[in-house]
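Given next are the chains, with one letter for each unit.
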Amino acid sequence: MALGRREKRGRRAAAPWLLAGAAAALMAAPALAAPPPISMPVASDQTGTDTTEGPFDFLKDWKRNGGLLGDMWGLRTALSRYGISLAVEETSEDLGNLTGGSKRGFDYDGLTQAVLQLNTQQAFGWYGGTFNVSALQVHGRSLSADNLQTLQTASGIEADPSTRLWELWYDQKFLDEDRLDIKIGQQSLDQEYMVSSNALYFINTMFGWPMLPSADLPGGGPAYPLSALGVRARWRPINPVTILAGVYSSSPVENQSGDPQLANPSGTSFPLNRGVLAIAEVQYAYPALGGMVSPGESQPLARTYRLGAWYDSEDFADERYGAGGEPLASPASNGLPLQHHGDFAIYAVADQMVWRSTHDPNRSISVFTRLMGTPLADRNLIDFSLNAGVVMHDPFTYRTDDTLDVGMGYTHVSSQVAAADRDIALATGSFNPPQSGETYLEATYQYQVTPWLQLQPDVQYVFNPGGGVPNPSDPTQRVKNELVVGARTNILF
């Protein structure tokens, strides 16, 4: 049976007689992602007085409510008395490929997020503490797995259907001006590390959690819809500079065989015996927190730069060679791959505003780029990934909350994987071209209908899907380039 590249992490390589059947499967399983950011609504009446007049009272101000259900029949006000905030958001989308892929068609997929936070000062007078618990309900199908066969999946919410715990952590502030805070518990790294604030407007997966860690880390790393136990410190030594550093369980799942989401279907598996994932990031922001503008001066163009690295202490299987030094595709191989200890990568992220209207301060243009690479081609499917784009806020008159966005992503398959593809083709005589790189372009528009409803039409075009893998529907040729179109809705309840 063909095995996806994600499934190969931490398992023994297929026996030589299975390599021919796996030739068409030397691509990554659908990549993990970051879902749309969710804001925490505030109760409309913080006095503790329930002003609800009936079950449909929220419809009176539906155009201005921060959430569709407003105060949720007084629930938000009641929770706020104890320092509790509740947010629920539904993301639904219908995406389809008009060209290319293993087949054509449209798929619906959806995600419901629920986040509950408790402010310890409001709850019982303990300053600086935040308790957070969140859950996910994933539904629908995955277009990328069904039709596209891409490395960089089309949607950031694609995942196996499930209802699962996502994050469960406590964060405590320390020092004057809250310059240090420590977070401990079950965490999803895509919420804090490697983030480009401008990239989050897009739909494609790789604008969230990047392609390289998604393909190379065990289980795809602790990122949506998975997470891992760990400790994170965030320190602001001077106002423009923030340092993030954390140590986490090296894998979000105990069993590395098969689909990691199925290995931890409820999100309540907390493995601690697989190794360590360490990550650190330095951030520079301008203007800095608390920065002032002199009278008559224009606002400076905002920018944020991030530089980071991660290291995972687990053992990683060689992509080409067996334990005896022979190619895994060789008839002499017993299918046991050579093992390497540890893996790492470095990355850089830049967000830069390049223009702001002198007549409308809401209208601006920003650019972003994110690069990540590793020199360890022998143990990694992906050795380089890149995202870049342009975001325009307030693109049309009186559309202050809308954005018009154009971006791209590129990922490169490591030379060791390409060599393994050639080994398989030589050993089996099958059509198994070496993988190279995959590129996509995306154009999208976020239309803010009401404070709680957002519509987002989207167009993507993928060059060399899967890095040039054979088409499962016709193994004698590669998957052809793909035009993907669709729309997403975000509803905040």
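Within every chain, residues take consecutive numbers counted from 1 along the sequence as written. Under the rules for a predicted model, residues below a pLDDT of 70 receive no local features and side-chain atom pairs below 80 are neither given nor counted, while totals for whole chains, interfaces and linings still include all residues. Values shown for side chains rest on all heavy atoms present in the structure; no hydrogens or waters enter the calculation.

**With respect to the nonpolar core**
The biggest cluster of nonpolar side chains holds 31 residues, and the ones touching the most others in it are Tyr193, Met194, Ile279, Trp310 and Ile382. Those elements giving two or more residues to this core turn out to be helix H6 (211–216), strand S7 (241–249), strand S8 (276–286), strand S10 (337–356), strand S11 (364–373) and strand S12 (382–393). Residues in contact with tyrosine 193, not counting those within four places in the same chain, are Arg232, Leu244, Ala245, Gly246, Tyr248, Ile279, Glu281 and Tyr347. Among the nonpolar cores identified, the runner-up in size contains 10 residues, and Leu68, Leu69, Leu79 and Leu86 belong to it. Take the buried Ala, Val, Leu, Ile, Met, Phe, Trp, Tyr and Cys residues and link them wherever side-chain atoms come within 4.5 Å; each set so joined is a nonpolar core. Here's how the labels work: a residue is buried when its accessible area is under 20% of the maximum for its type, exposed when over 50%, partly exposed in between, all with a 1.4 Å probe on protein chains only. Secondary structure elements are defined from DSSP: runs of H or I of at least 4 residues count as helices, runs of E of at least 2 residues count as strands, and each element is numbered from the N terminus. The contact rule is simple, with two residues in contact once any of their heavy atoms fall within 4.5 Å.

**A few points about the environment of threonine 444**
Locating threonine 444 in the fold gives a position in strand S14 (residues 437–450). Not counting the four nearest positions on each side in its chain, threonine 444 is found in contact with Tyr201, Phe202, Thr403, Leu404, Asp405, Gln456, Pro457 and Asp458. Whenever a nitrogen or oxygen atom comes within 3.5 Å of another N or O atom, the pair is scored as a polar contact, on the condition that within protein one atom can donate a hydrogen and the other can accept it, and that pairs from neighbouring residues in sequence are kept only if both atoms are in side chains. Within the structure, the side chain of threonine 444 is placed 3.3 Å from the side chain of aspartate 458, a separation counted as a polar contact.

**Brief notes about the pattern of salt bridges**
We define a salt bridge as a contact between a side-chain nitrogen of Lys or Arg and a carboxyl oxygen of Asp or Glu at a distance within 4 Å. Per the stated rule, a full pass over the model turns up 15 salt bridges. The salt bridge partner of glutamate 93 is arginine 488, with a shortest N-O separation of 2.8 Å. A residue pair is termed long-range when its members are at least 10 positions apart, and glutamate 93 in strand S1 (residues 84–97) and arginine 488 in strand S18 (residues 482–492) qualify at 395 residues. Residue class for arginine 488 comes out buried when judged on its relative accessible area of 5%. For arginine 179, the salt bridge goes to glutamate 177, with nearest N and O atoms at 2.7 Å. Judged by relative accessible area, glutamate 177 falls into the exposed class, the value being 54%. Salt bridges sharing common partners tie together Asp171, Asp181, Lys183, Glu192, Arg232 and Arg234.

**Some details on unusual backbone geometry**
Among all residues except glycine, the phi angle is most often negative; among peptide bonds, the trans geometry is most common. Proline 225 follows tyrosine 224 through a cis peptide bond whose omega is 0 degrees. Relative to the helices and strands, proline 225 is located in the loop between H6 and strand S6 (228–238). Omega for the peptide link from tyrosine 286 to proline 287 comes to 0 degrees, which places this bond in the cis form. Topologically, proline 287 is positioned in the loop between S8 and strand S9 (303–322).

**Quick look at the pairing of S14**
Alignment of strand S13 (residues 403–413) against S14, held across 10 bridges, turns out to be antiparallel. Residue pairing across strands places threonine 403 opposite glutamine 446, the latter belonging to S14. The pairing criterion for strands is at least two bridges between them, as found by DSSP. As paired strands, S14 and strand S15 (residues 453–463) are joined by nine bridges and run antiparallel to one another. By the bridge assignment, threonine 444 is partnered in S15 with aspartate 458. Two successive antiparallel strands, S14 and S15, enclose a turn made up of two residues.

**Examining the pairing of S6**
Summarising the sheet, strand S5 (residues 180–187) and S6 pair through eight bridges and their orientation is antiparallel. Residue pairing across strands places glutamine 186 opposite leucine 229, the latter belonging to S6. Pairing analysis gives seven bridges linking S6 to S7, with the strands arranged antiparallel. Note that in S7 the partner of valine 231 across the bridge is valine 247. Turn length for the S6-S7 hairpin, with the two strands adjacent in sequence and antiparallel, is two residues.

**Quick notes on the side chain of lysine 183**
Position of lysine 183 relative to the elements: it lies in strand S5. Side-chain polar atoms of lysine 183 contact the side chain of glutamate 192, separated by 3.3 Å. Lysine 183 has contacts with Trp169, Tyr170, Asp171, Glu192, Gly230, Val231 and Arg232, leaving out every residue within four places of it along the chain.

**What to know about the environment of leucine 229**
Tracing the chain through its elements places leucine 229 in strand S6. Taking the C-alpha atoms as reference points, leucine 229 and leucine 168, 61 residues apart in sequence, are found 8.9 Å from one another. Aside from chain neighbours lying at most four places away, what touches leucine 229 is Gly185, Gln186, Val247, Tyr248, Ser249, Phe270 and Leu272.

**Focus: the environment of phenylalanine 431**
The residue phenylalanine 431 is located in the loop between helix H8 (415–428) and S14 in this model. Between the C-alpha atom of phenylalanine 431 and that of proline 470, which follows or precedes it by 39 residues, the distance is 7.4 Å.

**With respect to H8**
The length a helix should cover is 1.5 Å for every residue beyond the first. Helix length check: H8, at 14 residues, gives a terminal C-alpha distance of 20 Å against a target of 20 Å (1.5 Å per residue), a fit within 8%. Looking at H8, one finds that the buried residues are Gln416, Val417, Ala418, Ala419, Ala420, Asp421, Asp423 and Ile424. Where H8 ends, the next residue or the one after it, glycine 429, has phi of about 70 degrees, a positive value.

**A look at the confidence of the model for the chain**
Confidence along the chain averages 89 in pLDDT terms, with 88% of residues attaining 70 or more. Predicted confidence is poor over residues 1–30, with pLDDT under 50, and the contacts of this stretch with residues over four places away or in other chains come to 78 contacts. Known as pLDDT, the predictor's per-residue confidence is scaled from 0 to 100. In this model residues 43–50 is a low-confidence stretch, pLDDT under 50, and it forms 15 contacts with partners more than four residues away in sequence or in other chains.

**Observations regarding the packing of aromatic side chains**
The rule is short: rings of Phe, Tyr and Trp, with Trp giving its six-membered ring, pair when the centres are within 6.5 Å, and they are stacked under 30 degrees, edge-to-face over 60, tilted in between. In the structure shown here, the tally under the stated rule is 10 aromatic pairs. Here tyrosine 193 and tyrosine 248 contribute two aromatic rings whose centre-to-centre distance is 6.2 Å and whose plane-to-plane angle is 90 degrees, an arrangement assigned as edge-to-face. Residue tyrosine 193 is found in the loop between S5 and H6, and its partner tyrosine 248 is found in strand S7; the two are separated by 55 residues along the sequence. This pair shows no difference in class: tyrosine 193 is buried, exactly as tyrosine 248 is. Connected via pairs of aromatic rings, a cluster forms that spans Phe202, Phe207, Phe368 and Tyr440.

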